[in-house]
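# Secondary and tertiary structure notes
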Amino acid sequence: MWLSRACSECFYTGILLPSHSFLSLTEMTTSVSATPEEKTPTTDDFSRPVSSLSSVGKRSSSLPTDDLVDEAEEQFSWTAAIFRRKQTVPRDPDAIATRRSVFDDPDLAPHYWPKKDYENLHRFDTTARWTYREEQVLVRKLDWKIMATAAIGFSALNLDRSNINQANSDNFLQDLGLTTDDFNLGNTVFKLSFLCAELPSQLVSKRIGPDRWIPTQICLWSFVSLSQFWLTGRTSFLVSRALLGALQGGFIPDLILYLSYFYTKTELPVRLALFWMSLNLCGIVASFLAYGTLHMGGVAGAAGWRWLFMIEGILTLLIGVFSFFRMPPSPTQTKTWFRPNGWFTEREEIIIVNRVLRDDPTKGDMHNREGLTFRRLWTAMCDYDLWPIYILGLMFGIPNTPPSTYLTLLLTDIGFNTFDTNLLTIPSQALGIVTMFLIALVSEFVNERSIVSMMEDLWTLPFLVALYALPSNPNPWIFFAVVTGLLSYPYTHPIQVGWCSRNAGAVASRTVNASLYNMFVQASGIISAQIYVTSDAPRYRHGNKILIIICCVNICILYPGTKAYYIWRNRQRAKIWDAMTTEERAHYLSTTRDVGNRRLDFRFAH
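Predicted, not measured: the structure shown is a model, and the values here were computed from it. (Residues numbered from 1 in each chain as written. Predicted model: local features only at pLDDT ≥ 70, side-chain atom pairs only at ≥ 80, totals over all residues. Heavy atoms only, no water.)

Counting its secondary structure elements, the chain contains 26 helices and zero strands. Relative to its 606 residues, the chain shows a buried fraction of 61%. By element, 65% of the accessible surface of the chain is carried by carbon and sulfur atoms, the whole surface being about 24000 Å². (Helix = DSSP H or I, 4+ residues; strand = E, 2+ residues; numbered from the N terminus. Buried < 20%, exposed > 50% of the residue type's maximum accessible area, 1.4 Å probe, protein only. Areas by Shrake-Rupley, 256 points an atom, 1.4 Å probe, with all protein chains shown as cover.)

Written out as structure tokens, the structure reads:
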């Protein structure tokens, strides 16, 4: 499909993530704070004011914890949502929903306390309690206020990144005097610029805040996108591709970092899974939009593809301006001159901050205007335990990228006209939604990442073989059926992005590691752009042979090897950790400088 399969993400926290990145509390220590005298919770207990910040030890050791929820927060499951019958014992909506965390243990709490300059520290209170009813209402409010804006921005990215494929169906290359090799070079320049912008974009985002940088990015690239109306030839084409790549690089990691300020790790995956599914839906809408826009060919003497760039660029610019007014810096910073009352009450701010930190204490390690240091950057780059996932990011998408990029050109070369070609891209996008949903179900059911992620290449392989075996002049509809089947593959990139985020551990390193992973994904696009060349047109038999070989390498070597590596690393860690006494573990936690996946109590997902 023409939608880019090399979305960042990025920093997508994954379709499937475990409840904890580290070992459970009972595995880390057997020390439990004293249980106070039981009492029936009242409304006053739920809405007690935020206490002043005194010493960590004093607050942690004197907290009543018998009213906390001990079970881990339930990860949303598509399989459970679809197939599980209604619970026989409904949950009391007015029961306390606050879950137990490391902040309730007097020995562990000091090691996880938020930094003094954490922007939400004034709302952090380990004594805060809230009900399931309050939590559900608040999450719905977050979805409407925060997630909706992010979804609109996400769609704008793919609208401007992928419209060149639709332009190809309207004599775009011929009008500019370009060859398919020039088109490949333009894609290479775009991917290279996108790749080089990943880390700088992350550094800027962390320094000035994603709430400022994301709308700025959208507005800047929208100007470049609409300016493609005035393209004149090879030079202007390459310059526009370079600028678009540089301005869009790092967008999705920035966006998902921003969302992590508001959601727990069990809430974000399902929403981002819907994000990726909705991209195909947006692609279908964009195909209809292109179908109508390309009919404007001849208006003011301009070709239809020029109007396509202009109209979609203006639409993106409006979204960028809109985003400036819809992205507050944090849950406690929603009040501004144009929103004097803010979005959340003090009570709601307390709930948002404490539920997020209880879910993942590492989110208090940095404030939202704190830039990454070169030391942290270098540490993340040297994290060899993530290199196997980087290699997968480089290789997994190559087999299906050239057919996806060339889809409109392939369909026009086989005999379909401009308008039919745009409509014929829709079936693969619609089927892609179904297969992506199904692979999410499989991932949840088997609780697996490496083998499930391999299913994308396993799906692609037989269709590549069929494409290679077709005669020189195949029946157009048979060719269309094969290409559509190929591009309907189950998209596993979101799983791998979440896999990378999960195995990074700490928030500071996740930001960099997500960008590094996506840099390898963009490098994959650079390689893919060199496989279908003009001398091999129009059937690209030699290119398809290369894609088949790469697909086999991924299936037989890279994915099984990555799984074996992480199993081996976990066994190494477990051997050391299991041999330690409770006192030795407590001493390690209080003195270690290891962070994220360097810690002995961390286990890699595979």
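All told, the structure shown has 13 salt bridges when counted by the stated rule. Beyond isolated ion pairs, a larger network of salt bridges with shared partners links R123, E346 and E349. (Salt bridge = Lys/Arg side-chain N within 4 Å of Asp/Glu carboxyl O.)

One pass over the structure, following the stated rule, counts 30 aromatic pairs. Three or more aromatic residues joined by ring pairs make a cluster, and in this case those are W499, Y565, Y566, W568, F602 and F604. In this arrangement the basic side chain of R339 is found over the ring face of W343, its NZ or CZ atom lying 4.2 Å from the centre. In this structure, R541 packs its charged tip against the face of Y468, placed 4.5 Å from the ring centre. (Phe/Tyr/Trp six-rings, centres within 6.5 Å; stacked < 30°, edge-to-face > 60°. Lys NZ or Arg CZ within 6 Å of the ring centre and 35° of its normal.)

On to unusual backbone geometry. Most of the time, phi is negative for any residue but glycine, and the peptide bond is trans. The amide bond that connects A537 to the next residue, P538, takes the cis arrangement and shows omega of 0 degrees. Mapped onto the secondary structure, P538 falls in the loop between α24 (507–528) and α25 (541–578). Residue A300 is not a glycine yet carries a positive backbone phi of 55 degrees. Residue placement: A300 occurs in the loop between α11 (268–293) and α12 (304–324). Of the residues examined, A300 reaches a relative accessible area of 74% and is grouped as exposed. If you check the backbone angles, Y540 has positive phi at about 55 degrees while not being a glycine. Within the element layout of this structure, Y540 appears in the loop between α24 and α25.

Our focus in this paragraph is the nonpolar core. Of all hydrophobic cores here, the largest spans 113 residues; its most connected members are F172, L259, F275 and W276. A total of ten residues in this core trace back to one element, the largest contributor, which is helix α5 (residues 132–167). If near-sequence neighbours (up to four positions away) are discounted, F275 is found in contact with M147, A150, A151, F154, L255 and L259. Membership of the second largest hydrophobic core comes to 15 residues, among which are L108, Y112, V353 and Y588. (Core = buried A, V, L, I, M, F, W, Y, C linked by side-chain atoms within 4.5 Å. Contact = heavy atoms within 4.5 Å.)

In contact at an axis separation of 9 Å, α11 and helix α19 (residues 426–446) are set at 170 degrees when each is read in the N-to-C sense. Between α11 and α19, the angle is such that the two are roughly antiparallel. Residues W276, M277, N280, L281, G283, I284, S287 and F288 of α11 touch α19, and the partners they reach there are I426, Q429, A430, G432, I433, M436 and F437. (Axes fitted to C-alpha atoms, helices over the stretch in contact; angles between N-to-C directions. Parallel < 35°, antiparallel > 145°, perpendicular 65-115°, else oblique.)

Below, the discussion takes up a nonpolar patch on the surface. Together, V321, F324, F325, W337 and F338 line one region of the surface with nonpolar side chains, adding up to about 530 Å² of accessible area. Topologically, V321 is positioned in helix α12. When its relative accessible area of 40% is taken as the criterion, V321 is described as partly exposed. (Patch = residues over 30% accessible without salt bridge, like charges linked within 9 Å, V, L, I, M, F, W, Y side chains within 5 Å.)

Looking at the secondary structure, you find M296 in the loop between α11 and α12. We classify M296 as partly exposed; its relative accessible area is 27%. Once the C-alpha coordinates of M296 and L308 are considered, the two residues, twelve residues apart in sequence, prove to be 8.7 Å apart.

Turning our eyes to something else, we now look at the side chain of S524. Within the element layout of this structure, S524 appears in helix α24. For S524, a relative accessible area of 3% gives the class buried. Apart from the residues lying within four places of it in its own chain, the contact partners of S524 are G393, L394, G397 and I398.

Once that is clear, we can look at the side chain of N400. When you line up the elements, N400 lands in the loop between α15 (387–395) and α16 (401–405). Polar side-chain contacts of N400 include one of 3.4 Å to the side chain of Y489. (Polar contact = N/O pair within 3.5 Å; in protein donor to acceptor, adjacent residues only side chain to side chain.)

At their nearest, the axes of helix α21 (residues 455–469) and α25 sit 9 Å apart, and the two run at 155 degrees to each other. Taken as axis vectors, α21 and α25 run roughly antiparallel relative to one another. Classified by chirality, the crossing of α25 by α21 is left-handed. For the pair α21 and α25, contact is made by D457, L458, T460, L461, L464, V465, L467 and Y468 and by R541, N544, K545, L547, I548, C551, C552, N554, I555 and Y559, respectively. Of the residues belonging to the contact of α21 with α25, the class tally is twelve nonpolar, three polar and three charged. (Left-handed = near helix turned anticlockwise from the far one by under 90°. Nonpolar A, V, L, I, M, F, W, Y, C, P; charged D, E, K, R; others polar.)

Examined against the element boundaries, D359 turns out to sit in helix α13 (residues 346–359). Owing to a relative accessible area of 13%, D359 belongs among the buried residues under this scheme. For the pair formed by D359 and T264, sequence separation is 95 residues and the distance between their alpha carbons is 6.0 Å.

In total, this model carries zero disulfides according to the counting rule given. C552 provides the cysteine sulfur closest to C551, a residue in no disulfide bond, and the two sulfurs are 6.2 Å apart. Given the relative accessible area of 0%, C551 is considered buried. Sulfur of C556: no disulfide; nearest cysteine sulfur belongs to C552 and is 5.8 Å away. (Disulfide = S-S within 2.5 Å.)

Moving on, we come to helix α8 (residues 210–227). Taking 1.5 Å of rise per residue, 18 residues should cover 26 Å, and α8 covers 26 Å from first to last C-alpha, within 8% of that figure. The element α8 is extensively covered by neighbouring structure, given that 13 of its 18 residues are classed as buried. (Expected span 1.5 Å × (residues − 1).)

For the chain, the average pLDDT comes to 81, and 83% of its residues sit at 70 or higher. Predicted confidence is poor over residues 1–61, with pLDDT under 50, and the contacts of this stretch with residues over four places away or in other chains come to 206 contacts. (pLDDT = per-residue confidence, 0-100.)

This next bit is on the environment of A466. Mapped onto the secondary structure, A466 falls in helix α21. Each C-alpha atom, one on A466 and one on V482, is 7.1 Å from the other, the two residues being 16 residues apart in sequence.

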